[in-house]
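Here's the letter readout for the chains.
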Amino acid sequence: MSLLSIQNLSLSIYGLDILRDVTLSIAAGEIVAITGESGSGKSLTALAAMQLLPKGTQTKGRIMLGETDLTQQDEKTLCGIRGNDIGMVFQEPMTALNPVQTIGAQVAETIRIHDRSISRAAAEIRAAETLTRVGLPQDRFPLGRYPHELSGGQRQRVVIAMAIALRPRLLIADEPTTALDVTTQAQILDLLKHLARADGMGLMMITHDLAVVADMADRITVMREGEVVEEGETGHLLRHMNHSYTKMLFAASGHQVSLPEVAAQPPLLEVTNVSRDYRLPRTTLFSPAGHFRAVDDVSFTIHRGERLGLVGESGCGKSTLTRAVLGLEQVQSGTITLDGAPVFSGNAPNLAVRRKMQVVFQDPFGSFNPRHRVDRLVTEPFHLLPDPPAGADRTRAIDEALTAVGLTPADARKYIHEFSGGQRQRIAIARALIIRPELILFDEAVSALDVSVRAQILDLLAELCGTYDLTYLFISHDLSVVRTVTDRVLVMQSGKIVEEGPTGDTFDNPQHPYTRSLIDAAPVLPEMHAAE
Amino acid sequence: MVRYTFKRLLSLLLSLAVASLVIFAVIEVAPGDPASFMLGMNAQPETLAALRTELGLDTSKVARYLAWVGGMLTGDFGTSYTYRTPVIGMVADRLWVSLPLALYALALSTAVAFPAGIFAASRRGQAGDIGVMGATQLGVAIPNFWFAMMLVLIFAINLRWFAAGGFVGWDKGFWAGMHALTLPAIALALPQAAILARVMRSSLLDVLGEDFMRTARAKGLTERQALWRHGLRNALIPVLTIIGLQFSFLLAGSIIIEQVFYLPGLGRLVFQSISARDLIVVESVVMLLVFSVIVVNFLVDLAYAAVDPRLRSRS
Amino acid sequence: MRRNLILGGMLSALFVLAALISYVWTPYDHVALNIPNKLQTPNAVHLLGTDHFGRDILSMIMVGARTSIAVALVAVGIGMGLGIPLGLWAAARQGSWLDELIMRGNDLVFAFPSIVIAILITAIFGAGAINAIIAIGIFNIPVFARITRGAALSLWQREFILAARVAGKSAARISVEHILPNVTNLLIVQGTIQFSLGILAEAALSYVGLGAQPPTPSWGRMLADAQTLVSIAPHMALVPGFAIILTVLGLNLMGDGLRDYLDPRLRVVRA
C-alpha cells in the first residue's frame with residue numbers, strides 16, 4: 001500500500017497546460033526520484049503534492065496521502081497536514097529561511113504551529129534535538145543563530161530540520177543540492193537518505209542530476225513536458241530503458257566528446273606567482289583592516305592549442321583568477337602575460353593584449369543587453385580593434401561567426417529574447433570567436449544548461465577546436481564536463497592550485513587529498529551504455 | 001551593534017557640520033547689511049558701528065561661523081535683529097507647536113497607513129485592494145493645504161466642532177492643545193498616509209514572493225499566519241526608510257499648514273523673519289529643521305538594526 | 001491596466017492643452033478687474049465663476065496651468081540633468097570615495113526639504129517663480145541620482161556589462177551605451193511622478209508667497225486668495241483645488257500606467 005499516490009493528475013495555470021495525466025506513487029521508506037529537464041513539470045508535481053500551487057491553477061485527478069485525497073481538502077485541513085505529515089525542502093537555502101528570525105525559532109515554529117499545547121521551552125528542546133539530528137550540534141550551532149551566520153550547506157540542514165521536526169510520513173525535496181558545492185551535496189544527500197531510512201519516511205526527490213538519481217533512488221520517474229515518460233525500479237530502469245527520451249537523457253548526461261590531438265606548442269598565457277587580496281571590513285574600530293587572500297601565489301601556463309581545465313568549489317578563487325587573467329582587476333603581486341605581453345600595464349588593462357582574449361559566461365540570460373540586436377551583440381569585441389571591419393566585411397564576419405556556431409546569418413537581426421538558452425550560449429560563443437582570439441575563457445559556460453543542450457554545446461566546442469585551433473581555459477565545478485573537454489586540469493582550493501596534471505591521469509589517480517575528496521563526492525553515472 | 005551605532009553617530013555629526021556650513025554660507029551671500037537695515041536710513045555712523053560690533057559683523061567670516069556654531073552648542077542662537085530678544089526663546093516657543101504637530105501627524109499617518117497597506121496586500125487584486133489603492137491615488141494628489149481649507153470649511157465653519165484657527169496654548173491642558181492641533185494634523189497626515197500605505201503594500205507584496213514565505217507555508221502556517229509572523233517584520237525595513245523621509249516632509253509641510261490655521265509655529269516665525277530680513281532667525285530655524293531631519297534619520301538607522309539582525313552583526 | 005495610462009494621459013493632456021490654448025485665447029482677460037461682477041458662482045457667462053475682483057476663474061486656471069507646468073517641467077529637467085549623470089557616475093565607481101561623496105551629498109540635500117530651500121533662497125533673493133524652480137529642482141537632484149544609481153548598480157552586476165568590459169569599453173561608454181538605455185523606463189516613470197510632485201510643490205510655495213508673484217496667475221496663489229473667503233465663496237477654493245488634484249492624479253495614473261506598460265517582465269507575463 002503506497003504512502004503517496006498521484007493518480008491521473010492534470011494541471012493547468014490560467015488555462016496553460018502544465019501537467020498531463022501524471023501517475024506515480026511512493027511507499028513508506030521508499031526514495032523515489034522525479035527527474036527531467038527544465039519545463040518537465042517536476043517541481044510543480046512536488047508543489048501539487050504540498051497543495052501549494054500558484055494562483056489560477058486548476059487540477060484534475062487525485063493525490064492520495066494514505067486514505068486522504070489532498071485535492072479535496074479544505075485549507076485548514078491542509079495546513080494541519082503540511083509540516084506534520086508532509087515536509088518539504090527547497091532548492092535555494094540562501095533564501096529559504098527568514099533572515100530576521102533565529103534558526104531555533106524557525107525550527108520550533110514547525111512544532112508549535114501543530115501543537116498549541118506545547119510550551120515554548122519544550123518546543124525549543126525538541127528543536128535543539130532536531131538540529132543536532134541533522135548535524136548542527138548545539139555547542140556549535142545554538143538556537144540563537146541567525147541564518148546569515150551559517151553557510152549554504154548549514155542553512156540547508158536547518159531547512160531539513162524544519163521539515164522533519166515532526167517526523168512526517170513523506171518528505172519532498174525539490175533540487176535540494178543544486179545550489180550547493182559537490183562535497184556539501186554529498187553530505188546533504190547522505191543526510192536525506194539516512195533520515196528517510198531511519199524514520200521510514202517516503203522521500204520524493206526532485207532533481208535534474210541523473211547521477212544523483214541513480215545513486216540514491218529506489219525508483220525513478222522520468223518526466224518530459226508535463227508527462228511521465230518512463231517509470232521503474234532504479235536498477236531495472238538503468239538496464240532496460242524503454243523510452244527514447246530516457247535513453248537520450250542518460251546518454252547526454254554522460255556525453256563524451258573527443259578533442260582533436262594537438263602537438264606541443266610554445267606557451268601562450270603565463271601566470272606567475274599571482275596573488276589577489278581583498279580588504280575585509282575592520283573588526284574593531286582602530287585595528288588595521290584585515291585582508292582576504294582570494295588568489296594565493298598561483299602560477300600556471302597555457303600552451304598554444306592547449307585546452308586547460310580549472311576546477312574548484314565556490315569561493316576557491318576561480319572567479320577572481322578569471323577576472324585577473326582578463327585584466328578586469330589588478331593583482332597585488334605576480335605577473336600575467338599573454339604572448340609575453342602583460343595583460344595589465346600600469347594601472348590600466350592592456351588593450352593590445354585584451355583583443356587576443358575573449359570570454360563566455362555562465363548565464364545565457366544575463367550576458368546580453370536585451371535592447372540590442374544579435375549583430376550588435378556579437379560585434380561588441382570589435383571595439384577592441386584599432387580598425388574594426390565595416391560594411392560588407394562586418395556582415396561577412398557576423399555571418400561567418402553565426403554559421404560557425406550553428407546559427408544562420410538571418411539570426412543577426414533578431415533580439416536576444418527570441419532565442420532559447422542553448423542558442424544564447426551559441427551566440428555567446430560567436431561573440432567570442434568573432435575577433436579570432438588566441439585564448440578563450442569559458443567561465444561555467446555550460447553549467448546553466450539542460451543536459452541535452454549541454455551535450456550539443458560540448459559537441460560544438462569539440463568541432464570548433466578542429467576548425468579554429470582553439471586554446472582555452474575551461475572553468476567549471478562539474479568534473480565530468482571538465483574531464484571530457486580538457487587536456488590538462490588545475491585543481492584549486494582556498495586560492496591555491498593544489499594539483500595539476502593531464503586530465504585523465506589526475507581524475508583516475510588523484511594525488512592531493514582535496515582532489516580525491518572532490519572526485520569521491522561527485523556522484524557518477526553507472527556504466528549503462530553496455531546494456532543499451 | 002556598538003560599532004554600527006558609533007559609525008552612524010559619526011556620519012550624523014559630519015552631516016550636521018556640513019549642513020551648518022551650507023546654511024551659513026548661503027546666508028553670508030545675502031545682500032544688504034543687517035545693522036543698517038535694523039536702524040533704518042537715518043542712522044548715525046557711530047550707532048551703526050556700535051551695533052555692528054554688538055552683532056559681531058565686523059569680525060572675519062570664520063570667526064562668525066565658529067561663534068554661531070559654538071553658540072548653538074551652548075544654547076545661544078544669537079539675538080534677533082528686529083525684536084532684539086534671544087532667538088532661542090522665540091524658537092523654543094514656536095517649536096512647542098510645530099514639533100507636536102509633526103509628531104501627531106506622523107502618528108496619525110502611521111496608524112492609518114499600516115492597517116490599510118496590510119489590508120490591501122492581503123487582498124491583492126480584490127475589491128478591497130482596488131478600493132484602498134484608489135483612495136491612496138487620491139490622497140497623494142490632494143494638496144494638503146487645500147485639504148486643510150476644506151476641513152476648516154466643513155468641521156470648523158459649518159459643524160463648529162473645532163476652531164478655525166489659532167492655538168490655545170498648552171497651559172490650557174494637553175487635550176485642549178491636541179484638540180486645536182487635530183485638524184492641522186489630519187491635513188498634514190493625509191498625503192503621507194497615502195504614500196506610506198502604498199509603500200507598505202508593495203513592500204509586503206515583495207516579501208510575500210520570497211522563498212521563506214513558501215517555507216513557512218510548507219511548515220503548515222496559514223497564509224495569514226505566514227504574513228504576520230514572517231512577512232511583516234521583513235516588510236518593515238523599506239517602510240522605515242519612508243517614515244524617516246516623511247518626517248522631513250511633515251516638518252516642511254507643517255510650515256505651510258500653519259499658514260492655513262494661523263498657528264504660531266516655526267513656519268509663521270520664518271515668514272515674519274523673511275519679510276523683516278531678520279536673517280539670524282531664518283538661519284537658526286532652518287538649522288533647527290535640518291537638525292531634526294538628520295537626527296530622525298539617525299534614529300531610523302538605529303531602528304533598522306533593531307529589525308534586521310544582519311546589520312547588527314556586520315563586523 | 002492600460003486604462004490607467006489612457007485616463008491619466010487624457011487628464012494630463014487636458015491641462016497641457018489648456019495651458020497652450022491660453023497663449024492665444026482665454027474666455028476673458030485674466031488680469032482685468034471687474035469689481036461689479038465679483039464672487040459670481042459658476043454660470044453660463046463665467047463657466048467657473050469669478051473671484052473677489054470679478055476676474056474670470058476659468059481664464060485664470062488656464063493661465064495658471066502655464067505656471068504650474070513650466071515650473072514643474074524645468075524643475076524635473078534640473079533634477080534629471082544633474083541627478084542622472086551623478087547616479088551613473090556613482091554606480092560606475094561603486095564603493096570608491098567618489099561614490100561615497102556623491103551619496104553623502106545626496107543624503108545632505110535630502111535633509112533640506114524643498115520648502116526649506118525655498119525659504120533660504122527667498123530670504124536672500126526675494127520670492128519669485130524662478131526661485132521656486134530652483135528650490136524644487138535642487139530637491140529633485142538626489143531623487144534622480146539615487147534611483148539611477150540603484151538601478152545601475154544591479155545592472156553592473158550583470159554579465160553583459162562584464163562582456164562589454166572584456167570588449168575594452170570604458171566605464172563612461174558602458175554607462176551611456178548599456179546602462180542608460182536599460183534604466184530609461186524607470187526614469188520616465190519617476191519623471192512623471194516628480195512632475196506631479198513638482199506641481200504640488202509649486203502650488204504650496206505660491207500659496208505661502210514663496211512662488212510666483214502677482215500678477216503672474218498661479219493655482220497656489222488663487223487658493224491663498226480664496227482662503228479668507230472660503231465660507232462665502234467656496235467655489236474660489238474648489239476650482240483651483242480640483243485643477244491641482246486632477247492634474248496630479250492624471251500624471252500619477254499615467255506614471256503607473258507607463259510602469260506597467262514599459263516593464264518588459266510584465267509584458268512577458270501578459271503575452
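Up top is the structure.
Residues numbered from 1 in each chain as written. Chains lettered and ligands numbered in written order. Predicted model: local features only at pLDDT ≥ 70, side-chain atom pairs only at ≥ 80, totals over all residues.

J.: Which residues make up the overall build of chain A, and what values go with them?
T.: For chain A, the count of helices and strands is 18 helices and 22 strands. Along the three orthogonal principal directions, the C-alpha set of chain A runs to about 75 × 60 × 45 Å. Per-residue burial for chain A yields a buried fraction of 45% across its 532 residues. A separation threshold of at least 6 residues defines the contact pool for chain A, and within that pool the share at least 24 residues apart is 69%. (Helix = DSSP H or I, 4+ residues; strand = E, 2+ residues; numbered from the N terminus. Buried ≥ 20, exposed ≤ 12 C-beta atoms within 10 Å, placed from the backbone. Contact = placed C-beta atoms within 7 Å.)

J.: An account of the interface of chain C and chain B is requested, with residue identities and associated values reported.
T.: The interface of chain C with chain B comprises 30 residues on the first partner and 35 residues on the second. Residue assignment for the side of chain C that touches chain B shows that the elements contributing at least two residues are helix H3 (97-110), helix H4 (114-125), helix H7 (171-207), helix H8 (219-227) and helix H9 (234-262) of chain C. For the side of chain C that touches chain B, the residue count by class is 24 nonpolar, five polar and one charged. (Nonpolar A, V, L, I, M, F, W, Y, C, P; charged D, E, K, R; others polar.)

J.: Which residues make up the sheet that holds strand S7 (residues 170-174) of chain A, and what values do they have?
T.: All names here are of chain A. Pairing is mixed across the open sheet formed by six strands, whose spatial order is S6-S7-S8-S3-S9-S10. At either margin of the open sheet sits one strand with a lone partner, and together these are strand S6 (86-89) and strand S10 (227-233). The average angle at which neighbouring strand axes cross in this sheet is 15 degrees, direction not considered. Where strand S3 (residues 31-35) and strand S9 (residues 219-224) come together, four bridges link them in parallel fashion. When the sheet's bridge partners are listed, Val32 is paired in S9 with Arg219. Relative to the sheet, helix H9 (residues 244-253) contacts S9 and S10, its axis offset from that of S9 by approximately 100 degrees. (Pairing = 2+ DSSP bridges. Axes fitted to C-alpha atoms, helices over the stretch in contact; angles between N-to-C directions.)

J.: An account of the packing of helix H1 (residues 2-24) of chain C against helix H2 (residues 57-92) of chain C is needed here, citing residue identities and associated values.
T.: How two helices sit against one another is set out by the angle between their axes and by the gap between those axes. All names here are of chain C. At a minimum axis separation of 7 Å, H1 and H2 run at an interaxial angle of 110 degrees. Relative to H2, H1 is oriented roughly perpendicular. In this structure, the crossing between H1 and H2 has a hand that is left-handed. On H2, the residues touching Phe15, Val16, Ala18, Ala19, Ile21 and Ser22 of H1 are Met62, Val63, Ala65, Arg66 and Ile69. Taken together, the residues that form the contact of H1 with H2 break down as nine nonpolar, one polar and one charged. (Parallel < 35°, antiparallel > 145°, perpendicular 65-115°, else oblique. Left-handed = near helix turned anticlockwise from the far one by under 90°.)

J.: Lay out the environment of A:Ile6 with the relevant residues and their values.
T.: Residue and element names in this part refer to chain A. Mapped onto the elements, Ile6 comes out in strand S1 (residues 4-13). Its 25 C-beta neighbours within 10 Å are what place Ile6 among the buried residues. Sequence-distant contacts of Ile6, defined by excluding residues within four places in its chain, comprise Val22, Thr23, Leu24, Ser25, Ala49 and Ile63.

J.: I'd love a proper account of the sheet that holds strand S13 (residues 307-311) of chain A, names of residues and values included.
T.: Strands in a sheet are paired, the pairing made by backbone hydrogen bonds, and the direction either parallel or antiparallel. Residues and elements named next belong to chain A. As summarised here, the arrangement of the six strands in space is S18-S19-S20-S13-S21-S22, forming an open sheet in which the pairing is mixed. For this open sheet the edge positions go to strand S18 (357-360) and strand S22 (496-502), each flanked by a neighbour on one side alone. On average, each strand axis in the sheet is inclined to that of its neighbour by 20 degrees, with strand direction left out of account. Direction of pairing for S13 relative to strand S21 (residues 488-493): parallel, over a ladder of four bridges.

J.: Residues and numbers for the nonpolar core, please.
T.: Most often, soluble globular proteins have nonpolar side chains that are buried together. Grouped together as the largest cluster of nonpolar side chains are 334 residues, with contacts concentrated most on A:Met204, B:Ala148 and C:Ile119. Examining the composition of this core, we find that 18 residues originate from one element, H2(C), more than from any other. If we ignore the near neighbours within four places in the chain, the residues touching B:Ala148 are B:Leu183, B:Pro184, B:Ala187, B:Ile257, B:Val260 and B:Phe261. (Core = buried A, V, L, I, M, F, W, Y, C linked by C-beta atoms within 7 Å.)

J.: Explain the interface of chain C and chain A to me, and be specific about the residues and the numbers.
T.: Contact residues are listed per partner, giving 14 residues for chain C and 17 residues for chain A. Every element with two or more residues in the side of chain C that touches chain A is listed here: helix H6 (159-166) and H7 of chain C. For the side of chain C that touches chain A, the leading source of residues is H6(C), giving seven residues.

J.: Tell me what's going on with the pairing of strand S19 (residues 439-443) of chain A, and back it up with residues and numbers.
T.: Residue and element names in this part refer to chain A. With five of five residues buried, S19 is to be regarded as a mostly interior element. Side chains Leu439, Leu441 and Asp443 of S19 all project onto a buried face; the interleaved residues Ile440 and Phe442 project onto the opposite face, where all are buried too. Summarising the sheet, S18 and S19 pair through four bridges and their orientation is parallel. Bridge assignment links Val359 to a residue of S19, and that residue is Leu441. Where S19 lies against strand S20 (residues 472-476), four bridges are found, and the strand directions are parallel. From the neighbouring strand, Asp443 faces S20, where its bridge partner is Ile475. In the classification by handedness, the crossover that spans S19, the intervening helix H15 (residues 451-468) and the parallel S20 is right-handed. (Right-handed = clockwise from strand over helix to strand, strands pointing away.)

J.: Can you lay out unusual backbone geometry for me, pointing to particular residues and giving the numbers?
T.: When glycine is set aside, most residues are seen to have a negative phi, and most peptide bonds are trans. Residue and element names in this part refer to chain A. Backbone geometry places Gln51, a non-glycine residue, at a positive phi of 55 degrees. You can see Gln51 is positioned in the loop between helix H1 (42-50) and strand S4 (57-65). Of the residues examined, Gln51 has 21 C-beta atoms within 10 Å and is grouped as buried. For Asp297, which is not a glycine, the phi torsion comes out positive at approximately 55 degrees. Take Asp297: it is sitting in strand S12 (residues 291-303).

J.: Just give me the short version of the packing of helix H3 (residues 103-114) of chain A against helix H5 (residues 152-164) of chain A, but keep the residues and values in it.
T.: All names here are of chain A. Where H3 contacts H5, the axes come no closer than 7 Å and their chain directions differ by 25 degrees. With respect to H5, the element H3 is oriented roughly parallel. The crossing of H3 and H5 is right-handed. Contact with H3, carried on its side by Ile103, Gln106, Val107 and Thr110, involves Val158, Ala161 and Met162 of H5 and no other residues of that element. Its residues placed into classes, the contact of H3 with H5 shows five nonpolar, two polar and no charged.

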